[in-house]
Amino acid sequence: MKIFSLTGPSGTGKSYQAPGYMQENGIDMLIDDGLLIYQDVVEAGVSAKRQKTRVGAIKTALFTDDKHAEEVTKKIRELNPDSILIVGTSDRMTDVIAKRLGLPPVSERIHIEDITTPEERQKAEKSRDQQGKHVIPVPTVQLKRDFAGYFMNPEMLIRRAKDMTKDMTGRAQEAIKNPGALLHRYKENETAKTVVRPTYSYLGDFIIKDKVIKDIAKCVGNEIEGIHEVISIYENTEPDNLKMVVVLDLDRDARTWDTALNFQKKLTEAIENMTAFNVVSTDIEIRSLV
């Protein structure tokens, strides 16, 4: 088993560059910020970017917790890769990680300066320092449950759709009408990377108010034939465990079951795509036929 390392100062684009470097050099597996990633899938580990403090993030990235290290070590033995790339802020850090996981010593070292330009590193540092953005080198779908509510992708998802109308109302309406198509267009332009803003970011907590969920529900209701009015919505606003109960009035001639089912599906898709919350349940109650 051959061990590679990719090192450089924090915020210089290591996680962004890692997948491309692995593909070019035929490297099988990636260890980055506490995660074990194989073929764009998180196979084991805990993301350092999920920790609430910077110190906690560093400990996670170094696999200081025995249970964490054992889980990743066991999965490495099970998958038995020919090569692994370890990402860290220094050669010493990657050496510590290799030792903690019982891996052979690093045999080939790459520094971020070797594969990026000063302009690329400057851009990455600006993104980290001013916007609190961090990259995790796997597709968003792999991280949804662990990072619910902390993705920066929904904003990008809306902004990057070139054929959407310029005003915010038009963008939101298209996301509600056809979130699947919008997500497909986004994926066509993105590689296997996810942008998140960790909870320890200096920018503070990420909060979506109750009113946002209610407004999305009303917008979805306005787009579906047969719904007379969205009366109320009750939710717990937990990013990783969102549960909703929506009360509706329907038109008297509406197909009750089909209309409610359509609303349930569209509302769930709209909230997940626009907020990155993980919707666990959407219960629909019909109050009356108007």
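Keep in mind it's a predicted model, so treat the numbers as computed, not measured. (Residues numbered from 1 in each chain as written. Predicted model: local features only at pLDDT ≥ 70, side-chain atom pairs only at ≥ 80, totals over all residues. Heavy atoms only, no water.)

J.: Kindly report on the overall build of the protein chain, identifying the contributing residues and their values.
T.: Of regular secondary structure, the protein chain possesses 11 helices and 11 strands. The buried share among the 290 residues of the protein chain stands at 46%. In the protein chain, the proportion of contacts linking residues at least 24 apart, taken out of those at least 6 apart, comes to 71%. For the protein chain, the exposed area adds up to about 15600 Å²; of that, 48% sits on carbon and sulfur atoms. (Helix = DSSP H or I, 4+ residues; strand = E, 2+ residues; numbered from the N terminus. Buried < 20%, exposed > 50% of the residue type's maximum accessible area, 1.4 Å probe, protein only. Contact = heavy atoms within 4.5 Å. Areas by Shrake-Rupley, 256 points an atom, 1.4 Å probe, with all protein chains shown as cover.)

J.: Please set out the sheet that holds strand E11 (residues 279–289) residue by residue, giving values where relevant.
T.: One open sheet accounts for 3 strands, arranged E9-E10-E11; its pairing is mixed. This sheet does not close on itself; its edge strands, each paired only once, are strand E9 (227–235) and E11. If you compare each strand with its neighbour and ignore which way they point, the axes differ by 20° on average. Lying over the sheet, helix H10 (residues 210–223) contacts E9 and strand E10 (242–250), oriented at roughly 155° with respect to E9. Sitting on the sheet, helix H11 (residues 256–275) is in contact with E9, E10 and E11, with an inclination near 140° to E11. (Pairing = 2+ DSSP bridges. Axes fitted to C-alpha atoms, helices over the stretch in contact; angles between N-to-C directions.)

J.: Kindly report on the side chain of Thr-259, identifying the contributing residues and their values.
T.: On the secondary structure map, Thr-259 appears in helix H11. Those residues in contact with Thr-259 that lie beyond four places of it in its chain are Ile-224, Glu-225, Gly-226, Ile-227, Leu-250 and Ala-254.

J.: Give me the lowdown on unusual backbone geometry, citing residues and values where you can.
T.: Its identity as a non-glycine residue notwithstanding, Asp-33 has a phi of 55°, on the positive side. Mapped onto the elements of the fold, Asp-33 is located in the loop between strand E2 (29–32) and strand E3 (35–38).

J.: Lay out H10 with the relevant residues and their values.
T.: Taking 1.5 Å as the rise per residue, H10 with 14 residues should run 20 Å; its terminal C-alpha atoms sit 21 Å apart, in good agreement. Along H10, the residues that are buried comprise Ile-213, Ile-216, Ala-217, Val-220 and Gly-221. Angular distribution of buried residues about the axis of H10 spans 140°; they occupy a single face of the element. Those residues of H10 that are exposed and angled more than 90 degrees off the buried face are Lys-211 and Asn-222. (Expected span 1.5 Å × (residues − 1). Arc of directions from axis to C-beta.)

J.: Outline the sheet that holds strand E4 (residues 41–45), supporting the account with residue identities and numerical values.
T.: Strand order in the open sheet made by the 6 strands is E4-E3-E2-E5-E1-E6, with mixed pairing throughout. Of all the strands in the sheet, just E4 and strand E6 (108–111) have a single pairing partner and so form its edges. When strand polarity is set aside, the average angle formed by the axes of neighbouring strands in this sheet is 25°. Taken together, the 6 bridges between strand E1 (residues 2–7) and strand E5 (residues 83–88) define a ladder with parallel strand orientation. Bridged to Leu-6 within E5 is Val-87. Those strands touched by helix H1 (residues 14–25) are E1, E2, E5 and E6, and its axis lies near 165° from that of E5. Lying on the sheet, helix H4 (residues 91–100) is in contact with E1, E2, E5 and E6; it crosses E5 at an angle near 130°.

J.: Can you explain the pattern of salt bridges? Please cite residues and give values.
T.: Summed over all chains, the structure comprises 7 salt bridges. Close ionic contact of Glu-78 with Lys-75 constitutes a salt bridge, the shortest N to O distance being 3.2 Å. Note that Glu-78 and Lys-75 are positioned in helix H3 (residues 66–79) at a spacing of 3 residues, about one turn of the helix. The closest approach of N and O atoms between Arg-287 and Asp-249, which form a salt bridge, is 2.7 Å. Placement of Arg-287 in strand E11 and of Asp-249 in strand E10 is noted, with a sequence separation of 38 residues between them. (Salt bridge = Lys/Arg side-chain N within 4 Å of Asp/Glu carboxyl O.)

J.: Account for the side chain of Thr-116, naming residues and giving values.
T.: Among the structural elements, Thr-116 can be located in the loop between helix H5 (112–115) and helix H6 (118–131). Looking at Thr-116, its side chain comes within polar contact range of the main-chain oxygen of Ile-112, at 2.7 Å. For Thr-116, the contacting residues outside a window of four places in its chain are Gln-17 and Arg-121. (Polar contact = N/O pair within 3.5 Å; in protein donor to acceptor, adjacent residues only side chain to side chain.)

J.: With reference to specific residues and values, describe the packing of H10 against H11.
T.: Contact pair H10 / H11: the axes reach a minimum separation of 10 Å and the direction vectors enclose 135°. One finds that H10 runs oblique with respect to H11. The crossing of H10 and H11 is right-handed. Contacts from Ile-213, Ile-216, Ala-217, Val-220 and Gly-221 in H10 reach Phe-263, Lys-266, Leu-267, Ala-270, Ile-271, Met-274 and Thr-275 in H11. Residue classes in the contact of H10 with H11 are distributed as 9 nonpolar, 2 polar and 1 charged. (Parallel < 35°, antiparallel > 145°, perpendicular 65-115°, else oblique. Left-handed = near helix turned anticlockwise from the far one by under 90°. Nonpolar A, V, L, I, M, F, W, Y, C, P; charged D, E, K, R; others polar.)

J.: Tell me about the confidence of the model for the protein chain, and please be specific about residues and values.
T.: Residues of the protein chain with pLDDT of at least 70 account for 70%, and the chain-wide mean is 78. Long-range and interchain partners of residues 152–169, a stretch whose pLDDT sits below 50, account for 34 contacts in this model, where long-range means more than four residues apart. In this model, residues 181–191 is a region of pLDDT below 50 whose contacts with residues beyond four sequence positions or in other chains number 16 contacts. (pLDDT = per-residue confidence, 0-100.)

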